[in-house]
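Observations on the three-dimensional arrangement
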Amino acid sequence: MCGIVAYTGKSLCRNLVLGGLARLEYRGYDSAGFVCIDQKHGQFSFDKEAGGSSPIERLTDKIHFDGTAGMAHTRWATHGMVDIKNAHPHFNCNKTIAVVHNGIIEGHEALREQILARGHQVVSTTDSELAAHLFNDEVEQHKDLKSAVIAFVSQIRGAFAFVFLLVEHPGTLIVIRHRSSIVIGIGNDEAFVASDFIAFADRTNRVVFMPDDTFAFVHHDTVEIYDFLGRPIPYSIQTLDQSYVEIDKGVFEHFMLKEIYEQKRAINRTIGFCKMLGNQSSEVFPHGNDQWAAPLDFNDSIWRQLGLSVEQVVGLRHINLVSAGTSWHAASIAQFFFEMICKIPTRVFLASEFRYMPFFPEQDSVYIVVSQSGETADTLEALRLINSHNVPTIAITNVASSSIVREAGGFLPMQAGPEISVASTKVFSTQLATLYWLANRIALERGLITTEEMYNAEEQLCVAAEVLESTIEMYKFRIIQDLAPKYMHYSHFIFLGRHISYPFALEASLKLKEISYIFAQCYPAGELKHGPIALIDEHTPVVIFSVLDDLLYRKLLSNAYEVKARNGHLVVFAFEGQDELISMADTAFVIPPVTPLLGPLAMTGLMQFFIYHITRQLGMPIDKPRNLAKSVTVE
Ligand code: F6R
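Report on the accompanying structure. Worth saying up front: this structure is predicted, and the values here are computed from it rather than measured. (Residues numbered from 1 in each chain as written. Predicted model: local features only at pLDDT ≥ 70, side-chain atom pairs only at ≥ 80, totals over all residues. Heavy atoms only, no water.)

In this section: the overall build of the protein. Check the secondary structure of the protein and you find 19 helices and 24 strands. Relative to a compact globule of 635 residues, whose C-alpha radius of gyration would be 26 Å, the protein shows 26 Å and is just as compact. C-alpha atoms of the protein, sized along the principal axes, occupy 80 × 55 × 45 Å. The buried share of the protein, reckoned over its 635 residues, is 62%. Sequence separation of at least 24 residues holds for 70% of the intrachain contacts in the protein that already meet a minimum separation of 6. When the accessible surface of the protein is totalled, it reaches about 23,600 Å², and 51% of it is carbon and sulfur. (Helix = DSSP H or I, 4+ residues; strand = E, 2+ residues; numbered from the N terminus. Rg over C-alpha atoms; globule rule 2.2 N^0.38 Å. Buried < 20%, exposed > 50% of the residue type's maximum accessible area, 1.4 Å probe, protein only. Contact = heavy atoms within 4.5 Å. Areas by Shrake-Rupley, 256 points an atom, 1.4 Å probe, with all protein chains shown as cover.)

So this is what it looks like as structure tokens:
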């Protein structure tokens, strides 16, 4: 996590760097800092802000100094509290070296002791500051910067992207990358370095993605890249077919609400896009905001795009999905798509666990990594592990320029458009739509469904998208006027689901926790009687998500009776016609029926809208919940 933006060139950098930093706020917003070189006095000028909901905004308002080389950082705290002294940039003792860092330095306790023993004054409790002192010693001991960097890197373990600025080398940004992404932007007599190219996309679209385990000296007119042994690395400049478009909330109070309402269009766009890719239709659908849309060759076949041959698709015997958080919930729902539509055994892995489990490369298998940002460190590391075994990998992400896209064998882009609110909404539903479409497309290729059925599946996705939106409208006023003011007073919730609605219930409980800070626990409904039933009382609403399967509905009904028999407070999300469940509920949301596997998608809008309004009643910072970041780039 953390966002880095740095500049060297002929222009004044304050606005460029801080403007870029604002676009990286999704990477964390615990604190922010800016530094530039005051060449007249041969020293750094810097300032920092920490805490509150908008440190970048406060920093931008208060900084009036400027320079032609500078850098800024937005922090997501890992080591050390959220406060000014821990905010980046960090400095060596005599403030001639400044550093910004993304990642984690492993073994930093021992490093701290070494550095203190050498007489350095360490002012923060971060691991990052240690890098400034360590680099100071290497610069003092080596006659050239290159040798100093090589010596520095040999002592650091972990995952890192560093940018150093030295008063003595005012036009040079020293960039070091190991398992943490960083990109160089080549402008007109100027250069940028950032964690994500959107930080400088309004200024240049010519980029160099630094290879892993390299360092670079970036000047306004040249870039030199070396490996950690100091050997020059040839590189190419890519021109990204993407531009940055400023996104605002429009008429909505929060990005989350706007994004909830964007879902129907995003799903329709996804279906249209997939259709074009699947070569089934010549209809042209608009595809997303340019910044996030993929540069695709539409003549390419879907399988070539995914890095598979038709023979591999037909011969698939195992599908594996790897992801984190909300994306893992979408993947867990998609397990039902792949198993029930394609009849292929499918496993779903949490990326953070996957890496540390034994890996059994299987013939005829594929790994699909699902990630909104395409930068989640756990997912990226899992992908690297899979790639090292030469098993086919496919990325499904919302950001075409992301690390996961670059490293996966194939890529299926989502068409959600930029998602700004930290809590994922439209990406979740677009992931479901993309995965449902893919499952059907694989089934078509394997001869399990007809072309007619494929079209029908696409039609059903449109129907579910329609229901997702129309149910919000049906319940809008009741939620705003009665239900949200009532449910905001509960401090605990239990969520239950069964079969395909269980991972959906997990997503609902995550959504409630992350934005409202209300404690919520989710169980598979059948597990209630094995322990959690002890928690049932009238003060803890139990929210049950129904399914469109008669047998499973009956089972859920029994679970609902178990709750009511213990005087529990019952909220249900049920489908039309499920009258017994609806009538026993204290609050019932009734959803028009859709094709059974798309039940969760149809319920998504209403679930999110309900939780959004509970949180709004509580007055929480909905788009930027405490402690979270949109892109989780540390393990
Ligand atoms: C929750 C949320 C997170 C992310 C998770 C993975 O609303 O957004 O749980 O889903 O951090 O992120 P991606 O999908 O970017 O890999």
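Let's pick the thread back up.
Let's shift gears to the site of the ligand. Surrounding the ligand, one finds 15 residues, the nearest of these being Ser327, Ser371, Ser373, Thr376 and Glu514. Within the side chain of Ser373, an N or O atom sits 2.7 Å from an oxygen atom of the ligand. Residue Glu514 places a side-chain N or O atom 2.6 Å away from an oxygen atom belonging to the ligand. In the complex, 89% of the free accessible area of the ligand, which totals 410 Å², lies under the protein chains. Judged by its atoms lying within 2 Å of the grid points, the ligand is housed in the second largest pocket. Looking at the shell around the ligand, the elements with two or more residues in it are helix H10 (325-341) and helix H16 (501-516). Residue contributions to the shell around the ligand reach at least three from each of two domains, namely domain 2 (255-449) and domain 3 (467-618). (Near = heavy atom within 4 Å. Polar contact = N/O pair within 3.5 Å; in protein donor to acceptor, adjacent residues only side chain to side chain. 1 Å grid on protein atoms, 1.4 Å probe; cavity = no way out; pocket = protein on both sides within 12 Å on 5 of 7 lines; lining within 4 Å. Sits in = over half its atoms within 2 Å of the grid points. Domains from an automatic or database assignment.)

To continue, consider the layout of surface pockets. In this structure, the largest pocket occupies an estimated 950 Å³ of space. Around the largest pocket, the lining comprises 46 residues; the ones closest to its centre are Ala22, Arg23, Glu25, Tyr26 and Ile420. Among the elements of the structure, helix H1 (14-23), helix H2 (55-62) and helix H13 (403-407) are those that each provide at least two residues to the lining of the largest pocket. Across the lining of the largest pocket, the residue classes break down as 18 nonpolar, 14 polar and 14 charged. Per-domain counts for the lining of the largest pocket show at least three residues from each of domain 1 (3-239) and domain 2 (255-449). Quantified by volume, the second largest pocket comes out at close to 600 Å³. Counting only elements with at least two residues in the lining of the second largest pocket, the list comes to H10, strand S17 (365-371), helix H12 (377-387) and H16. (Points joined across faces, edges and corners; volume = space filled by probe spheres on them. Nonpolar A, V, L, I, M, F, W, Y, C, P; charged D, E, K, R; others polar.)

By size, the foremost hydrophobic cluster in this structure holds 123 residues, and its most contacted members are Phe337, Phe338, Leu438, Phe495, Phe545 and Phe573. A total of 13 residues in this core trace back to one element, the largest contributor, which is helix H15 (residues 451-487). Each of domain 2 (255-449) and domain 3 (467-618) contributes no fewer than three residues to this core. Among residues more than four places away in sequence, those in contact with Phe337 are Cys342, Leu432, Leu435, Tyr436, Ala439, Ile500, Leu597 and Leu598. (Core = buried A, V, L, I, M, F, W, Y, C linked by side-chain atoms within 4.5 Å.)

Our focus in this paragraph is the state of the cysteines. Applying the stated criterion across every chain, the model contains zero disulfides. Considering cysteine sulfurs only, Cys274 is the nearest to Cys342, which forms no disulfide, with 14 Å between them. Residue Cys462 stays outside any disulfide, its sulfur separated by 11 Å from that of Cys274, the closest cysteine. By relative accessible area, which is 27% here, Cys462 ends up partly exposed. (Disulfide = S-S within 2.5 Å.)

This brings us to the pairing of strand S18 (residues 393-397). For S18, the tally of buried residues reaches five of five residues, placing the bulk of the element in the interior. The alternating pattern of S18 places Thr393, Ala395 and Thr397 and Ile394 and Ile396 on opposite faces, both of which are buried. The pairing of S17 with S18 spans five bridges and is parallel. Paired with Val370 across the bridge in S18 is Ile396. As a crossover connection, the stretch from S17 through H12 into S18 is right-handed. Summarising the sheet, S18 and strand S19 (residues 410-413) pair through four bridges and their orientation is parallel. From the neighbouring strand, Ala395 faces S19, where its bridge partner is Phe411. (Pairing = 2+ DSSP bridges. Right-handed = clockwise from strand over helix to strand, strands pointing away.)

Looking now at the sheet that holds strand S10 (residues 190-194). On the basis of which strands lie adjacent, the open sheet formed by eight strands has the order S3-S2-S4-S1-S10-S9-S11-S14 and antiparallel pairing. Edge strands, defined here as strands with exactly one partner in the open sheet, are strand S3 (43-50) and strand S14 (238-239). In this sheet, strand S11 (residues 206-209) lies alongside strand S9 (residues 183-186) in antiparallel orientation, the contact comprising three bridges. Paired with Gly185 across the two strands is Val207, which belongs to S11.

Another aspect to go through is the side chain of Thr346. If you trace the backbone, Thr346 turns up in strand S16 (residues 346-350). Residue Thr346 is classed as buried on the basis of its relative accessible area of 3%. Those residues in contact with Thr346 that lie beyond four places of it in its chain are Ile319, Leu321, Gln335, Phe338 and Glu339.

This part is about the packing of helix H7 (residues 263-277) against helix H14 (residues 426-445). Between H7 and H14, the least distance of the axes is 9 Å, while the angle of their chain directions is 30°. When the axes of H7 and H14 are compared, the pair comes out roughly parallel. Handedness of the crossing formed by H7 with H14: right-handed. From H7, Gln263, Ala266, Ile267, Thr270, Cys274 and Lys275 reach across to H14, where they touch Lys426, Ser429, Thr430, Ala433, Thr434 and Trp437. For the contact of H7 with H14, the residue count by class is five nonpolar, five polar and two charged. (Axes fitted to C-alpha atoms, helices over the stretch in contact; angles between N-to-C directions. Parallel < 35°, antiparallel > 145°, perpendicular 65-115°, else oblique. Left-handed = near helix turned anticlockwise from the far one by under 90°.)

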